[in-house]
Amino acid sequence: MKGAIFYYSGTGNSLWVARQAASALGETSVHAMPQWLLSRPPIDAESIGLVFPVYIWGVPAPVMRFIAALPDLHDRYFFACATNGGQVSNTLVQFEKLLSVRGLKLSAGVDIPMPSNYIPWGGPGPKQIQQQRFQAAQARITALAPGLKQHQTMPIEKGPLWQRIVFSAINRLSFNQVPKMDSKFWADDKCTNCGICARVCPAKNITIESGKPLWHHTCEQCFACLQWCPTEAIQYGKRTVRFERYHHPEVGLKDVLKN
Ligand SMILES: Cc1cc2nc3c(=O)[nH]c(=O)nc-3n(C[C@H](O)[C@H](O)[C@H](O)COP(=O)(O)O)c2cc1C
């Protein structure tokens, strides 16, 4: 394989983007970052794509761990796609710095707006707008593919300056609190004790105790447990009872269980 794409994904947006990019580039394999971290096989691809969601206007912790674990790949071409709900802010600039600390150069950083899975702030929005975002993402990937294939240098995309100042400060203040934010999760009476929440959790943060999920404070806030619950029994605080659940329509539970 000439290329390899590594993704991190809670609700499938980043997995879908990884697959679309692999198909547009050709001769490119797709791998889940948490799976790679388990056995850390050698990476012989010339071109390495990294696809992940924006969390609290920054890079998610599991993606940071993946970058920290990479071997010396300074002679490879790196590009990144940050999927997000419309506010990429400083994420790709932060990501470029994380790579540079490892002696790696980010040659392209692409902002890909998708439906938001951050349910504490509401549902993913109308289906028509979701479709528009999928189409725009697909068009973007198709347009960028020739340049990525030729290992071109492209911009590291970012949000407006005010967002980068204000939201990066919020990111820094909240980052260390994320693992314990799971204290707001609970399961309502619709819980059937099926255990899917525990199986989809990439952080292995959930066990089933006395027929109900229990969160153990090593949460990554991906919301996979809540979004993939087949009976919509998992809630976060009081408001999520009212909001529509989301996962990418072309990504299934089986795909996410491979994460
Ligand atoms: C904890 C959390 C924080 C998020 N923060 C942001 C954010 O700061 N900016 C943004 O545009 N979207 C944000 N989102 C939305 C996701 O980045 C977006 O829906 C992404 O495409 C989800 O990718 P996935 O389906 O691969 O998990 C956040 C989502 C979660 C779960």
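Here's a quick rundown of the structure.

Analysis parameters
Every chain's residues receive numbers from 1 upward, in the order its sequence appears when written. The model is predicted, so local features are restricted to residues of pLDDT at least 70 and side-chain atom pairs to those at 80 or more, both for listing and for counting; the totals for chains, interfaces and linings are taken over all residues. Values shown for side chains rest on all heavy atoms present in the structure; no hydrogens or waters enter the calculation. Classification of ring pairs rests on two measures: the distance between centres of Phe, Tyr or Trp rings, Trp counted by its six-membered ring, which must be within 6.5 Å, and the angle between planes, read as stacked under 30 degrees, edge-to-face over 60 and tilted in between. Counting from the N terminus, the helices are the DSSP runs of H or I reaching at least four residues and the strands are the DSSP runs of E reaching at least two. Accessible area is worked out with a 1.4 Å probe on protein chains only. A residue is then buried under 20% of its type maximum, exposed over 50%, and partly exposed in between. Here, any two strands with at least 2 DSSP bridges between them count as paired. The path from the first strand over the helix to the second decides the hand: if it runs clockwise while the strands point away from the viewer, the crossover is right-handed. The criterion for a residue being near a molecule or strand is simple. One of its heavy atoms has to lie within 4 Å of it. By the criterion applied in these results, polar contacts are pairs of N or O atoms within 3.5 Å in which, for protein atoms, one can donate a hydrogen and the other can accept it, and in which residues neighboring in sequence qualify only through two side-chain atoms. Per-residue accessibility takes into account occlusion by the displayed protein chains alone, with areas from the Shrake-Rupley method and a 1.4 Å probe. Cavity means a closed set of points on a 1 Å grid over the protein atoms alone, one where a 1.4 Å probe fits but cannot get out, pocket means an open set with protein on both sides within 12 Å along at least 5 of 7 lines, and lining means a residue has an atom within 4 Å of a point. A molecule is counted as occupying a cavity or pocket when more than half of its atoms fall within 2 Å of that pocket's grid points. Residue contacts follow a heavy-atom distance rule, with two residues in contact if any of their heavy atoms lie within 4.5 Å. One less than the residue count of a helix, multiplied by 1.5 Å, gives the span that helix is expected to have. We define the bend at any residue as the angle between the axes fitted to the seven residues before and including it, ending there, and the seven starting there. Grid points are joined across faces, edges and corners, and a volume is the space filled by probe spheres set on the points. Think of it as three bins: nonpolar holds Ala, Val, Leu, Ile, Met, Phe, Trp, Tyr, Cys and Pro, charged holds Asp, Glu, Lys and Arg, and polar takes everything else, Gly as well.

A few words now on the packing of aromatic side chains. Counting across every chain of the model gives 16 aromatic pairs. Aromatic pair Phe52 and Phe95: ring centres 4.7 Å apart, planes at 40°, arrangement tilted. Linking Phe52 in strand S3 (residues 47-53) with Phe95 in helix H4 (residues 91-101), this pair joins segments that are 43 residues apart in sequence. Both residues of the pair, Phe52 and Phe95, belong to the buried class.

As judged from the 5 bridges shared by strand S1 (residues 3-7) and strand S2 (residues 28-32), these two strands associate in the parallel manner. The residue of S2 that forms the bridge with Ile5 is Val30. A crossover links S1 with its parallel partner S2, the connecting element being helix H1 (residues 13-25), and its sense is right-handed.

In the neighbourhood of the ligand, 22 residues make up the surrounding shell, with Ser9, Thr11, Ser14, Val54 and Trp57 lying closest. Separating an oxygen atom of the ligand from a side-chain N or O atom of Thr83 is a distance of 2.8 Å. Within the backbone of Gly85, a nitrogen or oxygen atom sits 2.8 Å from an oxygen atom of the ligand. Expressed as a share of its isolated accessible area of 650 Å², the protein-covered part of the ligand is 96%. Among the detected pockets, the ligand sits in the largest pocket. Elements with a contribution of two residues or more to the shell around the ligand: H1 and strand S4 (77-84).

Bringing the environment of Pro34 into the picture now. Its location among the elements puts Pro34 in helix H2 (residues 33-39). Note on Pro34: relative accessible area 18%, which makes it buried. Not counting residues within four places of it along the chain, the set of residues in contact with Pro34 comprises Tyr7, Tyr8 and Asn259.

This part takes up unusual backbone geometry. One non-glycine residue, Asn193, lies in positive phi territory at about 65°. Here Asn193 lies in the loop between strand S6 (185-187) and helix H7 (196-200). Notably, His217 is not glycine yet its phi reads approximately 65°, a positive angle. Mapped onto the elements of the fold, His217 is located in the loop between strand S8 (212-215) and helix H8 (224-228).

Looking now at helix H5 (residues 127-149). Along its 23 residues, H5 runs 32 Å from first to last C-alpha, staying within 8% of the 33 Å computed at 1.5 Å per residue. The axis of H5 is deflected most strongly, by about 30°, at Ala143, and proline Pro146 appears within four residues downstream. Listed as buried for H5 are Gln130, Phe134, Ala137, Ile141, Leu144, Ala145, Gly147 and Leu148. At its buried positions, H5 is contacted by H1, S4 and strand S5 (106-113). A positive phi of about 60° marks His151, the residue just after H5.

The next thing to look at is the layout of surface pockets. Its boundaries defined by the atoms lining it, the largest pocket holds a volume of some 780 Å³. Looking at the lining of the largest pocket, the elements with two or more residues in it are H1, helix H3 (61-69), S4 and helix H6 (161-174). Quantified by volume, the second largest pocket comes out at close to 270 Å³. For the lining of the second largest pocket, the elements supplying multiple residues, two or more each, are H2, H3, H7 and helix H9 (253-257). The element contributing the most residues to the lining of the second largest pocket is H2, with 4 residues. Residues that form the lining of the second largest pocket fall into these classes: 11 nonpolar, 2 polar and 4 charged.

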